[in-house]
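The chain contents come next:
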Amino acid sequence: MSISITQLQGVGAKTAAHLKRLNITTIEELLFHLPIRYEDRSHVKPIAHLAVGDNALIEGTIQASEIKSHKSGRGRSLICLFSDSSGSMMLRFFHFNQKLVASLKPGTHLRCFGEVRQGYHCLELIHPEFKQLNANETLFIEHFTAIYPTTEGLYQTTLRTLIQQAFNYLTTNEIIDYLPPEILTERQFPTLADALQIIHYPTTEAIVKQLQEKQHIALHRLAFEELLAHHLSLRVLHQYAQHRQAPQLNNNGHLVQTLLTQLSFNLTSAQQRVYAEIAADLRQPHPMQRLLQGDVGSGKTVIAALSALQAIESGYQVAVMSPTELLSEQHKNTFVQWLSTFEISISWLTGQLTKKQRTTTLNDIVSGSSALILGTHALFQKEVEFNRLGLVIIDEQHRFGVHQRLALHDKGNQNGLYPHQLIMTATPIPRTLAMTAYANLDISVIDELPPGRTPVNTAIIPNSRREEVVERIKQVCQQGRQAYWVCPLIEESETLQLQAASEIAEQLRLSLSELRIGLLHGRMKAKEKEQVMADFKSQNLDLLVATTVVEVGVDVANASLMIIENAERLGLAQLHQLRGRVGRGSEQSYCLLLYQPPLSSLQKSRLAAIRDIHDGFIIAQTDLELRGAGEVLGVKQAGITNLRVANLQQDKALLEHIQIVGKILLETQPDNCQRLIDRWIQKNWKYVGLTH
Ligand code: ADP
Ligand code: MG
């Protein structure tokens, strides 16, 4: 059905251009252009019962028609007095030709559809859609009429006629159903052609209601297909990487063993398990594509260090990429400390280097004398050339998109060998969702915190008790500890938000004049932000007031109090991430959630959940149940949000099955997989960065 739409009657260059704007170039694409709503044209209303604003179907006879000049002197209208047995109204046309005038002669029997407006003398329909009826044709029942998303200059009626024509093609040309018949039977799905027929032309009010509430099986069927297409596209990316060659980092693990004996702690069993998974991948001749998920503080950094040593022992370079300079410095310090007994040369590619230092560093990287290289995405600038890059570790993955990661993969290509990739994220995401959203990656999870952590004590406090909160800050800071005050983005406008934060900082400076208070907001330059964070880290500030999310992953162990304003407006995952900024030292930490009463019941359950639950994965699961998947942080970051029919929350019951079906299809019908991907996913998305 990849027949061009220009084969349809009435599609000239102009209409084709309009359709192109809706991404429609083929008849099949036209069939997949789904209605946004339906209008009820199954009941004819008596004119006497009409109200202004109704979209109504009426039936009657033209009593009189005339062409009137407008009072303004500009233009003319065709006006018809139209009546049924209950009353009369006007039909008004601003654009008309002789043909129209002729077809609206007095005595003509019509069925009209349009929006009812208040006219000068009586109710009017402006430019109604109409159909002439023969005297004995009055009981003809129409479908509910689908209303489509459209673009300027393309009329609903045009779209409707074209879609009708497309359906006529279906009788002679098959639209290929890529879902295997077993699945249709098992899930009791209609065939693709039937599903489309139902969605475009629902026949009863009950069906329309189900469609509008997204409950109809015809929509579930399309949702299944769409999610399957997304899943397949990610699996294809995965396979693509699997066809590439990577260095086999196979060695006797001497460096790894040495580090393990030197650490002041033992790995948790979760850390041992995920390291074993990574180590096995690194020995393969194909690039690892692995996502390491672990809650804040679960100990991902040491896993990164062990993986790095495995690559270095085999004579390869390792790049560790962080989202900000500050985080990259933090990693540099940790690695320098852990690896101090090894003769491993470490380079930190920071913006703070002088020109000369930078040149030296770049030389060390290209000559291969430096084995471990840390930095931000600046690591992947043109001037940076690696010698033998074997492993790339990306921390806090969500700051980098899929495409950036692919570009990075290509950059590491040397003599046909691609580096392994380890992506680390602290954003927990429920398992079934992870397997969909990250289907291009293998997943390892650290589902256990190191022993001896005290959970952050969390309290929910109404705004009326702010003074107590301020007093609390005073106490904490006087004991030499530090605090955060976060004002999350609640206003549409960043300026208003900034104003709110600055005002809070000012108020706090007045009431806490003995404390050193810093302000961090989105409008500051990166350098200024980092300076404020650095001051906080080095304890030159006692309290940090911040608008947007405080740098993910920033580790200030001395901070023990987190205050979150408007906590009721935030999602659970964000609250959990923010709370994770404290509780990093050995002492008890606190998180105070300030809210503005009254709370809705959803807000109440959310705040109670964050107070009572400390495990990030359980929080993510709860978030999913309370709010829906599109809002679950990790899913948003993974980018499966532009779904047309499916909804990850409503259709989550399909996900497990989709993984199974996806696997079978990839093995047995790879060509159909590609066609399914083409059908559902924007064509230019697929292979960005994979074009050679
Ligand atoms: P994250 O997963 O958030 O990056 P980190 O790797 O920064 O967590 O680890 C948090 C802290 O826990 C660090 O100080 C780290 O040295 C320590 N740590 C990591 N693993 C263990 C362990 N098995 N036992 C005790 N402490 C650990
Ligand atoms: Mg970390």
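Calculation rules
Residues numbered from 1 in each chain as written. Chains lettered and ligands numbered in written order. Predicted model: local features only at pLDDT ≥ 70, side-chain atom pairs only at ≥ 80, totals over all residues. Heavy atoms only, no water. Helix = DSSP H or I, 4+ residues; strand = E, 2+ residues; numbered from the N terminus. Buried < 20%, exposed > 50% of the residue type's maximum accessible area, 1.4 Å probe, protein only. Contact = heavy atoms within 4.5 Å. Areas by Shrake-Rupley, 256 points an atom, 1.4 Å probe, with all protein chains shown as cover. Lys, Arg positive; Asp, Glu negative; His and termini not counted. Charge placed at Lys NZ, Arg CZ, Asp CG, Glu CD. Pairing = 2+ DSSP bridges. Axes fitted to C-alpha atoms, helices over the stretch in contact; angles between N-to-C directions. Near = heavy atom within 4 Å. Polar contact = N/O pair within 3.5 Å; in protein donor to acceptor, adjacent residues only side chain to side chain. Core = buried A, V, L, I, M, F, W, Y, C linked by side-chain atoms within 4.5 Å. Domains from an automatic or database assignment. Arc of directions from axis to C-beta.

A.B. asks: Which residues make up the overall build of the protein, and what values do they have?
C.D. replies: Along its length, the protein carries 24 helices and 21 strands. Taking the principal axes of the C-alpha coordinates as reference, the protein spans close to 100 × 65 × 50 Å. Looking at the protein as a whole, 52% of its 692 residues are labelled buried. Taking contacts inside the protein between residues at least 6 apart in sequence as the whole, the part at least 24 apart equals 75%. A total of about 32,100 Å² of accessible surface is found on the protein, and carbon and sulfur atoms cover 50% of it. Averaged over its 66 positive side-chain charges, the protein has a centre that lies 4 Å from the centre of its 67 negative ones.

A.B. asks: Before we move on, can you summarise the sheet that holds strand β16 (residues 457-462) with the specific residues and values?
C.D. replies: The parallel open sheet is built from six strands, whose spatial order is β16-β21-β20-β17-β19-β18. Of all strands in the sheet, those bounded by a partner on one side alone are β16 and β18 (517-520). On average, each strand axis in the sheet is inclined to that of its neighbour by 20 degrees, with strand direction left out of account. In the sheet, strand β20 (residues 559-564) pairs with strand β21 (residues 590-595) via four bridges, with the strands oriented parallel. Counterpart to L561 in the pairing with β21 is Y590.

A.B. asks: Residues and numbers for the site of ligand 1, please.
C.D. replies: Near ligand 1, the surroundings consist of 14 residues, among which N266, G297, K300, T301 and R453 are the closest. One nitrogen or oxygen atom from the main chain of G299 is found 3.1 Å from an oxygen atom belonging to ligand 1. A distance of 2.7 Å separates an oxygen atom of ligand 1 from a polar atom in the side chain of R453. Relative to its unbound accessible surface of 560 Å², ligand 1 loses 73% to contact with the protein.

A.B. asks: Hey, could you go over the nonpolar core for me, with residue numbers and the actual values?
C.D. replies: Of all hydrophobic cores here, the largest spans 84 residues; its most connected members are L19, L30, L196, L222, F224 and L228. Shared between two domains, this core takes at least three residues from each, and those domains are domain 1 (1-42 + 142-205) and domain 3 (266-446). The residues touching L30, leaving out its near neighbours within four places in the chain, are I5, L8, L19, I24, L159, L162, I163, A166 and H200. Core analysis: the next-biggest nonpolar cluster, separate from the first, contains 40 residues, L306, V318, A371 and I446 among them.

A.B. asks: Could you give an account of the domain arrangement of the protein, naming the residues involved and the relevant values?
C.D. replies: One can read the domain layout of the protein as domain 1 (1-42 + 142-205), domain 2 (58-132), domain 3 (266-446) and domain 4 (457-613). For domain 2 versus domain 4, the separation of C-alpha centres amounts to 64 Å.

A.B. asks: Account for helix α7 (residues 205-212), with residues named and values stated.
C.D. replies: Along α7, the residues classified as buried are I207, V208 and L211. Seen end-on, α7 carries its buried residues on one side only, within an arc spanning 100 degrees. Seen from the open side of α7, the exposed residues pointing more than 90 degrees away from its buried face are E205, A206 and K209. As for α7, its buried residues are in contact with β1 (37-39), α6 (192-200) and α8 (217-242). K214 lies just past α7 and shows a positive phi near 55 degrees.

A.B. asks: Provide a residue-level description of the environment of N463, including the pertinent values.
C.D. replies: With respect to the helices and strands, the residue N463 is situated in the loop between β16 and α16 (466-478). The exposure class of N463 is buried, given its relative accessible area of 16%. Each C-alpha atom of the pair N463 and V101 lies 68 Å from the other, and the pair is 362 residues apart in sequence.

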